[in-house]
Amino acid sequence: MYPGVALRQGDAWIFLDCAVAVSPIGRAAPGSTLGCSTSVRFTRAESTVATRRDSPVACCSPPEITNVQFEEVKYTDGRCKAIGFRMVTRLRAMATCRRIRSFHWLLCLGWLFVMVPAPSYSANTTQTTSVLKLSEDRAVKDFIRFINATDVVEAKYKLSIEYLCSEPSTVGVEVLVSTDVKIGVTVYRKKWKCKKRLNTFSNRTLWVKFPNIMLYRPDNLIKHSIVINNVILRAWIINTNRAASENREATFYEQAIARTYKLLKTFSPFERPYKDHKHCLQWDTEKIEAIKEKHIPQCLLENDVVELLCFPFALTGLSYGITKRLKNFNNLEMELTGKQLLNNPRFTISIWIYVLKACKRHLCGILHQINEKQKYGTPLLFLTSNGNIHFQMTLSSGKSVAGLSNFKVVLRRWCRLDLTMQGRHMTLTVSYGEKLQARENAVYTFPGDVHHNVLAGYFVLGGSNYVQSFEGFIGPVKFYRVMGPKGEKISNPLVITHNVDKHIDRYYRKCKHINLLIIKYLKSLGLLKTIEKRTRNNDYYLQLLNGSKDDDGNKCPARPWGKRTEKRYKALFDLLQTMASDPLIDATHLPNLPSILNKVGEKLYWKTMEKLTGADGIKQIGHHISSLIEASCCGYYKAAYLLGVIFETGLGVEVQSSKGMLYSLVAAQGNDRLALLHLGYKHDQGIDGYPLDYGVSYGYYINIAQRTVKDRHDFDVEQAFVEHVRLMDDSVLQRQTKENEDFFLWLRYQAKHGDAFAQQKLARMLYWGQQGITRDVQRAMKWYSRSAMELKHPASMFEYGLFLIKGQGVKKNTELGLRLITEAASKGITEAINALGWYYETHQKDYVKAAEYWKEAVKRGNLDAFHNLGVLYESGTYPGKPQKNVTEAFPYYYKAGFGGHLESLVRCSFFWNTGNFEYIPHNPKQAVLWARYVAEQNGFLGYNMRRALDAYLQNSWNEALLYFLITAETGIELSQTNVAYLCEERTELKNSCADFTWRYYKLSTFQQNVHPFVLVKMGDFYYYGHKSHEKDIEQSIEMYTSAALLNYSQAFYNLGSLAEEGLHIPQSVSDLLNLNTRNQFTNFTLQQELYERCITVDVEEAFIPCSIALLRVHLKTMWIHTDTPVLLYTAISMLLSTLICFAMKRYWDFTGAAFPAGDWPDLQLQQWSSTEVPSRSGRCLTGVAVWSSGVLGLPILTVELWSAELPAAGGADLNIAESWDPVAESRQC
């Protein structure tokens, strides 16, 4: 039923307050009624009017109605609607009144007057006259209308009003304005009495005055000009007695006996003129206003389409995905439109997906919104275990309504999901292929208004903390925020850089063929039935098993694949034949088909790696590509990542970016840690064809970051601590050892003889796999036990006690562990105090006591305690504060994370990435930075870095290059520098990695922790030119300056050399380096200052070269400004100094010749002592070894082995300290 229906005669509308039953097809329904003082019934053929006997218009017959149509009219503000009838009528002038009684002639005249054309209140009308239902004992005589009123708001608005009053009344006129902020604001009102000239037409002229902010552009006096959405001019007549009884003027119009209104047009602020204020302005103000008048402001050009994702993202089936937070529109009109559609949404989301396997859980995430209350918002799209699409929306009432599509998503095929909302109506469409064939639809109408606020919360593509993702790829994704197009109007083609989508499709088709070959081989061994029973829960592999049964044809059952296929996949079949007798291929050892395929891929990968790390392996790498592809198809994703590295870097092959992207995505989808790091790094930097996208980068990094924390509790043999060893640093290389080398043997000797420090150092090296030692947790526990139980070493007591409580590497013994930790805490070990809090929180659930211990540990600066207090606040378990409070927790997480606490780094990055918590800003770049730091501490990455370093120390250059390259592509600055250095220094590798030196030195310069050596090296390349790269002096100076800011002496020396050559050093460089040459900035003073700084920053290494250079500068200055005798005296002095230095060098050379290399006298360890000394930051232990000569019998060599602060164990959630470098920490003692 629709109130306020208007009858239209020709181009005129007559509005009646009535109610109409509307048929759904847009025509007048037979038998529908129009309710007013007269009831009208419409029929299809002929319309008649049945009137009440006491009706005041009973004398008149209605016009003959030949056609009736509905017409829907929307007001300009988009909120109001009117339904009208369009009627084609034939009127016969006076014949409409068939019976005219003498006492009713006025009423008939009134009826004819009403039939005069009058405009309506709609988008294309100007005026409406409404008649209320009056009492039965009075006639309708009151009337009011506008005469010659203009349609546009203007400064001098003349308004003429014609009206008629049948009784004493009040006539009112007002103007209502609606803006973005308020609706129905009265800007003009005028009222007067109508009591003298009753039953007579009257006219009155008014001058309506509008506010300046509606009429003019802002200027010196009009500071603001507002955007007007609607302007309504309306007038009414109300009975005087009723007006007196009404308390609010706002109800006058609704209670009026006659009323009219008119919609006025207004210009946007940019189209309005400037007002002539007729004031004399100052000359400067007048000039500024003249400039403003010439400027033409333009509305911000903005599209409502948001590209949430433009490149495929690999989904692993875990709780990781892409987080996207939308911003407000810059265009105010679009922002207003979005606000008006909160409960009447118009949007479309178009998503490309490639599903590899059926969802393993009840629901897998495709797209969902998390609102500001950390709950699901609108919309949600999940994939069910059956392949259907689960959709869900939140109504304005707060309830959620969900449904299920009637179609299923096809596996291993690109498809596009289009979700369109139009108010309550939803359309979900799935289309397949690049040309969008085989389209299927699901249509649903929700029972209430749908609430959709894109600014409240964030969107997630894939998985999150609330739901896990499907397995496959997602992207590109587009979001139409306010338009909501359908079908062909949606523009989201499957166009991806380097056609990666097509490569993905081809790769998995090829892998299906390879998997079928392996299955046929297993069938020839008689294992198919056994494997089929164990593979019931995997639809894809069951499909492969079933597909292999009907594909044999007439071939030999023993070799159903054919000779040509066997020749093509020779390496694979050779391996299968080798494994035929291996019990690992037996189904009794491997539970299902995926495990068998993975084992085949693993063996094939390592067999290929043996060939690649050989003498000419890299040169022959092109011959082994097929073997790596077969290994990756078997599910061993290390092979896929290696392929990605090979094709992206051009190692032994031509650079093929498309294949590099393909295999990197495949490996990341298989959850390979290095591949995830690789993609996170590439999207963080936006290099090598990958788009810059912090949301995508964070999605990869957070996966590895969270797993890094978990991996530290997993004693996998393929993990090692990430150590920062640079190949150009000889001192660090010399500290690397093996269990059969002197340093480790000597350390073990001291440990066996009761040295507590040596025992603890040995235990940590074995536990974490440091300094080249293979990780061995069991042996580490033995040394921890001896140090803690026998020698009562406080730090060892804490660490060993913690292992006992957790049962890590040793049999669990909570009582003994608690006793050891308590005793360590009593001896001042801060980490032990924190551990006591952890024990009471975890085992005793005593949060009060736990908080007390943690507060005490926080006072002593313990990072674990900061993190643990943050956990209490976030979980709502802090004593006395039962409510969850992320705002209180964040400062504790931030302090712990800033100090390097891994779990706090992860939590802070999550808060920054979502931006969904109070007082925590949305900062995706910072989130990526912190998540990346944690991810780069992963033990699997450290294992590959250790293998590269071991190969380098063993002079296995190909193997070292391969493993350094694998880790360099993950974005590790250390490995990038090592690859460049290795390719530069080793002539054997120059043909294999000719371009790697420039590439990886340059990539290193963009890192946060770049080494100054790299900056100087790139400065040299820019100065001299490098192969195909031309000289660039400006870039060279920039690189040298960046290195000098890191206090690198070589950089100061190089800048001084450039100045000596007469090259211009910009003043900005002197300002950055704080050179004291501003008052006397000459070339000589600049050189002198640079060489002096070269000496001061590194006295040991740079003293001689920088001193000689400084002397050269002084000599040049003297040559210009000094007489000849002085120069001769100076020259003779320099000559004598040089002779003295030469004589000293000869003396030391002669002394060294007394004991040539290999002929040194036997040295015997005479004395070893370790002393604990206090320091500003805690306790330090100094170890000194004294050797004596068996020939001379005198102590000839004293070595200070350690002088470092003793750290106490700590880590994420009370883990042992990850590393301890005595040399680095000795500076604090």
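Quick caveat, the model's predicted, so the values are computed rather than measured.

The rules we used
- Residues numbered from 1 in each chain as written.
- Predicted model: local features only at pLDDT ≥ 70, side-chain atom pairs only at ≥ 80, totals over all residues.
- Heavy atoms only, no water.
- Pairing = 2+ DSSP bridges.
- Helix = DSSP H or I, 4+ residues; strand = E, 2+ residues; numbered from the N terminus.
- Axes fitted to C-alpha atoms, helices over the stretch in contact; angles between N-to-C directions.
- Buried < 20%, exposed > 50% of the residue type's maximum accessible area, 1.4 Å probe, protein only.
- Contact = heavy atoms within 4.5 Å.
- Disulfide = S-S within 2.5 Å.
- Parallel < 35°, antiparallel > 145°, perpendicular 65-115°, else oblique.
- Left-handed = near helix turned anticlockwise from the far one by under 90°.
- Nonpolar A, V, L, I, M, F, W, Y, C, P; charged D, E, K, R; others polar.
- Core = buried A, V, L, I, M, F, W, Y, C linked by side-chain atoms within 4.5 Å.
- Patch = residues over 30% accessible without salt bridge, like charges linked within 9 Å, V, L, I, M, F, W, Y side chains within 5 Å.
- Areas by Shrake-Rupley, 256 points an atom, 1.4 Å probe, with all protein chains shown as cover.
- Salt bridge = Lys/Arg side-chain N within 4 Å of Asp/Glu carboxyl O.

Considerations on the sheet that holds strand β9 (residues 143–147)
(1) Moving on: Taken in spatial order, the three strands of this open sheet run β9-β10-β13, and their pairing is antiparallel. Strands with a single pairing partner mark the edges of an open sheet, and in this sheet they are β9 and β13 (201–208). Going from strand to strand, the sheet's axes swing by 25 degrees on average, the running direction of each strand aside.
(2) Moving on: Sheet analysis places β9 next to strand β10 (residues 157–164), joined by five bridges and oriented antiparallel. By the bridge assignment, Phe-143 is partnered in β10 with Leu-164.

What about helix α13 (residues 625–633)?
Turn by turn, an α-helix covers 3.6 residues, leaving residues three or four places apart pointing in a common direction.
(1) Moving on: When you tally the buried positions in α13, you get eight out of nine residues, the bulk of the element.
(2) Moving on: The set of residues buried in α13 consists of Ile-625, Ser-627, Leu-628, Ile-629, Glu-630, Ala-631, Ser-632 and Cys-633.
(3) Moving on: Packed against the buried residues of α13 are α7 (500–524), α11 (570–579), α12 (593–612), α14 (637–649) and α15 (657–669).
(4) Moving on: One or two residues past the end of α13 sits Gly-635, with phi positive at roughly 95 degrees.

Considerations on the state of the cysteines
(1) Moving on: What the rule picks out here adds up to five disulfides.
(2) Moving on: A disulfide bridge connects Cys-165 with Cys-194, and the sulfur atoms are separated by 2.3 Å. The disulfide joining Cys-165 to Cys-194 has a torsion of about 130 degrees about its S-S bond and is therefore right-handed. Residue Cys-165 is located in the loop between β10 and β11 (169–179), and its partner Cys-194 is located in strand β12 (residues 185–194); the two are separated by 29 residues in the primary sequence. In this structure, Cys-165 and Cys-194 share a single accessibility class: buried.
(3) Moving on: Between the sulfur atoms of Cys-1094 and its disulfide partner Cys-1106 the distance amounts to 1.7 Å. Here Cys-1094, found in helix α38 (residues 1083–1097), pairs with Cys-1106, found in helix α39 (residues 1099–1121); they are 12 residues apart in sequence, far enough to count as distant.
(4) Moving on: The class of Cys-1106 is buried, set by a relative accessible area of 1%.
(5) Moving on: Free cysteine: Cys-634, not disulfide-bonded; nearest cysteine sulfur from Cys-633 at 7.0 Å.

Quick notes on the side chain of Asn-1054
(1) Moving on: Counting through the fold element by element, Asn-1054 comes out in helix α36 (residues 1049–1060).
(2) Moving on: Its relative accessible area of 11% is what places Asn-1054 among the buried residues.
(3) Moving on: Not counting the four nearest positions on each side in its chain, Asn-1054 is found in contact with Val-1016, Asp-1020 and Tyr-1040.

So, the sheet that holds strand β22 (residues 388–394)
(1) Moving on: The six strands lie next to each other as β18-β27-β20-β21-β22-β23, forming an open sheet whose pairing is antiparallel. The sheet is open, and its two edges are formed by β18 (321–324) and β23 (400–408), each paired on a single side. The mean inter-strand angle of the sheet, taken between neighbouring strand axes irrespective of direction, is 15 degrees.
(2) Moving on: By the bridge criterion, six bridges tie strand β20 (residues 363–370) to strand β21 (residues 376–384) in an arrangement that is antiparallel.

Quick look at the packing of helix α17 (residues 694–711) against helix α28 (residues 902–914)
(1) Moving on: Contact pair α17 / α28: the axes reach a minimum separation of 10 Å and the direction vectors enclose 155 degrees. The orientation of α17 relative to α28 falls into the category roughly antiparallel. Here α17 and α28 pass one another in a crossing that is left-handed. Between α17 and α28, the contacting residues are Tyr-698, Ile-702, Ala-705, Gln-706 and Val-709 on the first element and Leu-902, Glu-903, Val-906, Ser-909, Phe-910 and Asn-913 on the second.

Description of unusual backbone geometry
(1) Moving on: Look at the link from Thr-378 to Pro-379: it is a cis peptide, with omega at 0 degrees.
(2) Moving on: Note on placement: Pro-379 falls in strand β21.
(3) Moving on: Cis geometry is found at the peptide bond from Gly-475 to Pro-476, where omega equals 0 degrees.
(4) Moving on: Topologically, Pro-476 is positioned in strand β28 (residues 471–480).
(5) Moving on: Positioned with a positive phi, Asn-199 is a non-glycine residue whose angle comes to about 60 degrees.
(6) Moving on: In this structure, Asn-199 sits in the loop between β12 and β13.

Let's talk about the packing of helix α35 (residues 1033–1045) against α36
(1) Moving on: It is at 8 Å that the axes of α35 and α36 come closest, and there the two elements cross at 145 degrees. Between α35 and α36 lies a crossing of left-handed hand. The segment α35 lies against α36, with Ile-1037, Tyr-1040, Thr-1041, Ala-1043 and Ala-1044 engaging Ala-1051, Phe-1052, Asn-1054, Leu-1055 and Leu-1058.
(2) Moving on: Of the residues belonging to the contact of α35 with α36, the class tally is eight nonpolar, two polar and no charged.

Quick notes on the nonpolar core
(1) Moving on: Grouped together as the largest cluster of nonpolar side chains are 259 residues, with contacts concentrated most on Ile-353, Ile-366, Ile-474 and Leu-961.
(2) Moving on: When residues in this core are grouped by element, the largest group, 11 residues, is from α7.
(3) Moving on: With residues up to four places along the chain from it excluded, the contact list for Leu-961 reads Ile-618, Leu-651, Val-979, Leu-982, Cys-983, Leu-989, Cys-993 and Phe-996.
(4) Moving on: Grouped together as the second largest cluster of nonpolar side chains are 31 residues, Tyr-163, Val-173, Val-175 and Phe-210 included.

Brief notes about a nonpolar patch on the surface
(1) Moving on: Taken together, Val-1099, Phe-1103, Ile-1104 and Ile-1108 make up a surface patch of nonpolar side chains, about 400 Å² in accessible area.
(2) Moving on: Mapped onto the elements of the fold, Val-1099 is located in helix α39.

Overview of the pairing of strand β17 (residues 313–316)
(1) Moving on: Of the two faces of β17, the one lined by Phe-313 and Leu-315 and the one lined by Ala-314 and Thr-316 are each fully buried.
(2) Moving on: Two elements, β17 and β28, share four bridges in a ladder whose sense is antiparallel. The residue bridging Leu-315 from the neighbouring strand is Gly-472, located in β28.

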